[in-house]
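Topology and contacts: notes
What follows is the residue order along each chain.
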Amino acid sequence: MVASQASWGRPGRLDDVSGRVAIAGVGESQHSQASGRDPVDIAVEAVEAALDDAGLAPADVDGLMWSGGLPGQLDEAAFRRHFAARGGDPDRALWTSAQGGGMVWAGTAPVRAARALASGRARVIVNVFSTAWATQREAGEGSPGDAHSSERFKANLELPFGWFPQPVYFATIARRHMHEYGTTPEQLGAIAVSCRRHANRHPGAVMHGKPLDLDAYLARPMLVEPLRVEDCCLISDGGAAYVMTTPEHARDLRKPPVQVAGVGEGHSDSGVFWSQQGDFTATPQVFSAPQAFEMAGIAPTDVDLLTLYDPFTIVALMQIEDMGFCAKGEGGAFVEGSRLHHDGGGLPYNTHGGLLSHAYVLGIAHVVEVVRQLRGEAHAQVPDAKIGVYGGYTGHMASTLVLRRADA
Amino acid sequence: MKGALPDLSFEPTRAFWEAAAREELAVPRCASCGRWVWYPRERCPDCEADEMPWTPLSGRGTLFSWASVERALFKPFAERAPYVTGLVAVEEDPRVRIVTTVVDCDPGALRVDMPVEVVFRELSFPGEDGVVTAPFFRPVPHPATGEALR
Ligand SMILES: [Zn+2]
């Protein structure tokens with residue numbers, strides 16, 4: 001490719017938040033196939049679990065972040081309604097931001113939280129995300145493709161030719177990556193198999209109890225060639241939350257604190273039009289990860305475990321390259337065999353199972369998993385993990401969150 | 001679920017479909033610096049000029065990449081699957097990638113960067129009113145053998 005970095009995207013402008021925010025609690029709802037549940041109820045379950053984990057009560061919460069771009073979230077009104085019904089003060093002061101939740105914002109939420117904590121406007125901030133897409137799909141009430149099909153340039157220049165929905169985009173990207181760099185189906189399969197292996201150690205994972213090895217992967221039919229169903233994320237119901245506070249306050253709480261060491265954000269100039277992205281086989285992690293690693297004062301080789309927003313195997317592979325864990329084009333060799341396993345001697349990756357095999361909660365459970373790893377609480381535990389990274393992705397944006405064990 | 005036919009009243013892409021109806025493949029080209037600008041936008045990304053008349057292309061290009069859809073995930077294509085959809089880099093400027101359906105092809109014989117050419121066909125979908133002429137692409141046949149060029 002001739003496209004240089006500078007020609008197709010740029011990093012976001014972020015405050016240096018290194019050492020200014022701690023994650024003191026994490027929690028998840030149950031993850032499942034179609035549950036019939038309301039996403040707000042799912043979110044409440046996750047928030048209560050996260051507060052309990054931190055040893056805090058709902059009355060301690062004075063900050064709330066959610067994903068304003070998606071309907072049905074636990075926003076300020078839903079939060080007040082729920083906790084007033086539980087005996088809380090419905091009129092208490094609450095710092096809020098709709099620039100939180102999942103996807104890239106699961107990684108960048110600490111930047112806004114840091115300002116609220118520093119100014120004293122909030123002391124305990126919950127970031128929460130939930131989805132009931134499995135239930136909604138069964139009811140015919142919307143799908144992850146809707147945001148794309150309702151975009152008018154896509155509706156007029158892509159949908160008439162059947163270039164839709166997401167598996168089609170990423171099959172096209174995967175084929176070009178295979179052409180440019182020699183990436184193989186076995187290498188994409190190694191990513192899917194690693195995620196499934198980790199999900200089988202995680203009792204809360206949707207694909208727990210459904211093993212997958214590379215032979216079984218290769219024997220599966222194509223969905224959108226060159227991608228199989230196993231290359232694509234689940235659609236499931238579930239939610240997760242994490243609690244942010246100052247490092248000082250976190251020291252007094254129940255669990256060993258985990259600190260935010262660095263954050264990055266990257267943008268693609270072609271926005272949501274992936275067909276026109278300057279470097280078709282790259283992600284905006286090219287712009288995001290260096291910013292986060294510099295803020296944290298680390299190199300990719302310092303990272304003990306990595307979780308990546310993984311809607312498709314190829315998206316994980318590209319992010320691994322773009323974050324600098326290997327050279328561009330060498331991601332295939334980097335992920336082969338057991339190198340991504342939690343005990344494989346390479347880079348432990350999506351040790352909870354990711355969007356492919358754990359749950360489709362759009363990245364927030366990835367952050368929960370990093371925190372658990374750094375506390376030594378994970379099901380597929382990486383021994384003595386000190387530094388963990390989450391990479392978020394929405395196509396036109398990427399984010400990078402570096403977390404560090406507070407005593408490390 | 002929405003349909004698959006284009007909305008011919010959507011101003012930014014209306015001229016694309018009007019050109020296709022004349023069996024022309026056209027995209028905006030900056031009147032000031034000559035850059036082909038795709039997708040349509042208000043200003044030229046190179047020189048910021050705002051005059052970008054729709055300009056015909058040769059219709060030749062290369063197959064940048066594609067996906068073979070074995071089972072349609074988009075309902076209007078249910079009866080069309082399996083089908084091949086992908087991106088064509090046009091010969092005038094390969095940064096311009098036209099989303100298309102690849103027709104008249106053996107999917108197993110397609111190759112990345114192989115030469116392709118535009119062919120205009122009618123496009124309609126079951127249960128949707130209307131029909132448009134749309135630019136599809138096919139592998140360029142060898143002048144002597146008729147086999148696709150690689
Ligand atoms: Zn210009």
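Look above for the structure.
Values in this document were obtained by computation on a predicted structure and should not be read as measured data.

1. Description of the coordination of the zinc ion
All names here are of chain B. Within the first shell, the zinc ion binds the protein through C30 (SG), C33 (SG), C44 (SG) and C47 (SG), at distances of 2.2 to 2.3 Å. Metal-centred angles of 97 to 116 degrees between the 4 donor atoms at the zinc ion mark the site as tetrahedral. Sequence positions of the residues that donate to the zinc ion give the spacing C-x2-C-x10-C-x2-C. Taken together, the positions of C33 in the loop between β1 (26-28) and β2 (54-56) and C44 in the loop between β1 and β2 put the pair 11 residues apart, joining distant regions of the chain. On the basis of relative accessible area, C33 is assigned to the partly exposed category, the value being 41%.

2. Side note on unusual backbone geometry
Negative phi characterises most residues that are not glycine, and trans characterises most peptide bonds. The peptide bond linking E225 of chain A to P226 of chain A adopts the cis configuration, its omega dihedral lying at 15 degrees. A cis geometry characterises the amide bond from W38 of chain B onward to Y39 of chain B, with omega recorded as -5 degrees. Residue L362 of chain A is not a glycine yet carries a positive backbone phi of 55 degrees. Within the secondary structure, L362 of chain A sits in the loop between α14 (354-357) and α15 (364-375). With relative accessibility at 2%, the residue L362 of chain A sits in the buried group.

3. Some remarks on the nonpolar core
Generally speaking, soluble globular proteins have nonpolar side chains that are buried together. All names here are of chain A. In terms of nonpolar packing, the biggest core is built from 152 residues, with F170, I314 and L403 touching the most fellow members. The element contributing the most residues to this core is helix α3 (residues 105-119), with 8 residues. For L403, the residues in contact, after removing those within four places along its chain, are I23, V258, Q259, V260, A261, V367, V370, V371, L374, K386, I387 and G388. Residues V40, W66, A78 and A241 belong to the second largest nonpolar core, which totals 26 residues.

4. Comments concerning the packing of aromatic side chains
Under the definition given, this model contains 23 aromatic pairs over all chains. With a centroid separation of 5.7 Å and 70 degrees between ring planes, the pair formed by F153 of chain A and F273 of chain A is classed as edge-to-face. Of the two residues, F153 of chain A is situated in helix α6 (residues 152-157) and F273 of chain A in the loop between β9 (258-268) and α11 (285-296); the sequence distance between them amounts to 120 residues. Pair check on accessibility: F153 of chain A and F273 of chain A agree, each one buried. With 6.1 Å between their ring centres and 75 degrees between their planes, F293 of chain A and F325 of chain A make a pair best called edge-to-face. Placement of the pair is F293 of chain A in helix α11 and F325 of chain A in the loop between α12 (313-322) and α13 (331-335), with a sequence separation of 32 residues. Here F293 of chain A and F325 of chain A have matching classes, each one buried. Put simply, the rings of F153, F161 and F273 of chain A together with F10, F16, W17, W38, Y39, W54 and F136 of chain B touch in pairs and so form one group of aromatic residues. The lysine or arginine in question, R339 of chain A, covers the ring of F334 of chain A, its NZ or CZ lying 4.9 Å from the ring centre. A cation over a ring is seen here: R97 of chain B above F64 of chain B, with NZ or CZ 4.4 Å from the ring centre.

5. Quick notes on the pattern of salt bridges
Applying the stated rule across the entire model yields 30 salt bridges over all chains. A salt bridge links D384 of chain A to R405 of chain A, with the nearest nitrogen and oxygen atoms 3.1 Å apart. With D384 of chain A in the loop between α15 and β11 (387-393) and R405 of chain A in strand β12 (residues 397-405), the pair connects residues that are 21 residues apart, well separated along the chain. Taking the relative accessible area as the measure of exposure, R405 of chain A reaches 18% and is therefore buried. The shortest N-O distance in the salt bridge between D46 of chain B and R35 of chain B comes to 2.9 Å. Note that D46 of chain B is positioned in the loop between β1 and β2 and R35 of chain B in the loop between β1 and β2, a separation of 11 residues in sequence. Because the salt bridges share partners, they merge into one network encompassing D53, K255, R375 and E377 of chain A.

6. Thoughts on α12 of chain A
Residues and elements named next belong to chain A. Along α12, 10 of the 10 residues are buried, which leaves the element largely enclosed by surrounding structure. Those residues of α12 that fall on the buried side of the exposure criterion are T313, I314, V315, A316, L317, M318, Q319, I320, E321 and D322. In the segment just after α12, G324 is the residue with positive phi, at about 90 degrees.

7. Remarks on the layout of surface pockets
Gaps left between atoms show up when a probe the size of a water molecule is rolled over them. Roughly 810 Å³ of internal volume is contained in the second largest pocket. Together, 30 residues line the second largest pocket, and Q276, Q277 and G278 of chain A together with R35 and R95 of chain B are the ones closest to its centre. A breakdown of the residues in the lining of the second largest pocket according to their chemical character gives 16 nonpolar, 6 polar and 8 charged.

8. Re the interface of chain B and chain A
Contacts between chain B and chain A engage 41 residues on the former and 34 residues on the latter. Applying the counting rule to chain B against chain A returns 2 salt bridges. Of the charged contacts, one joins R176 of chain A and D113 of chain B as a salt bridge, the two residues approaching to 2.8 Å between their closest N and O atoms. Between chain B and chain A we count 20 residue pairs in polar contact (both at pLDDT 80 or more) in total. Listed by contribution, the elements that provide at least two residues to the side of chain B that touches chain A are α1 (11-21), β3 (60-69), β4 (83-90), β5 (97-102) and β7 (132-139) of chain B.

Scoring rules and cut-offs
Residues numbered from 1 in each chain as written. Chains lettered and ligands numbered in written order. Predicted model: local features only at pLDDT ≥ 70, side-chain atom pairs only at ≥ 80, totals over all residues. Heavy atoms only, no water. Donors = N, O, S within 2.8 Å, 3.2 Å for Na, K, Ca; no water. Tetrahedral: all angles 85-135°; square planar, octahedral: opposite > 155°, others 65-115°. Helix = DSSP H or I, 4+ residues; strand = E, 2+ residues; numbered from the N terminus. Buried < 20%, exposed > 50% of the residue type's maximum accessible area, 1.4 Å probe, protein only. Core = buried A, V, L, I, M, F, W, Y, C linked by side-chain atoms within 4.5 Å. Contact = heavy atoms within 4.5 Å. Phe/Tyr/Trp six-rings, centres within 6.5 Å; stacked < 30°, edge-to-face > 60°. Lys NZ or Arg CZ within 6 Å of the ring centre and 35° of its normal. Salt bridge = Lys/Arg side-chain N within 4 Å of Asp/Glu carboxyl O. 1 Å grid on protein atoms, 1.4 Å probe; cavity = no way out; pocket = protein on both sides within 12 Å on 5 of 7 lines; lining within 4 Å. Points joined across faces, edges and corners; volume = space filled by probe spheres on them. Nonpolar A, V, L, I, M, F, W, Y, C, P; charged D, E, K, R; others polar. Polar contact = N/O pair within 3.5 Å; in protein donor to acceptor, adjacent residues only side chain to side chain.

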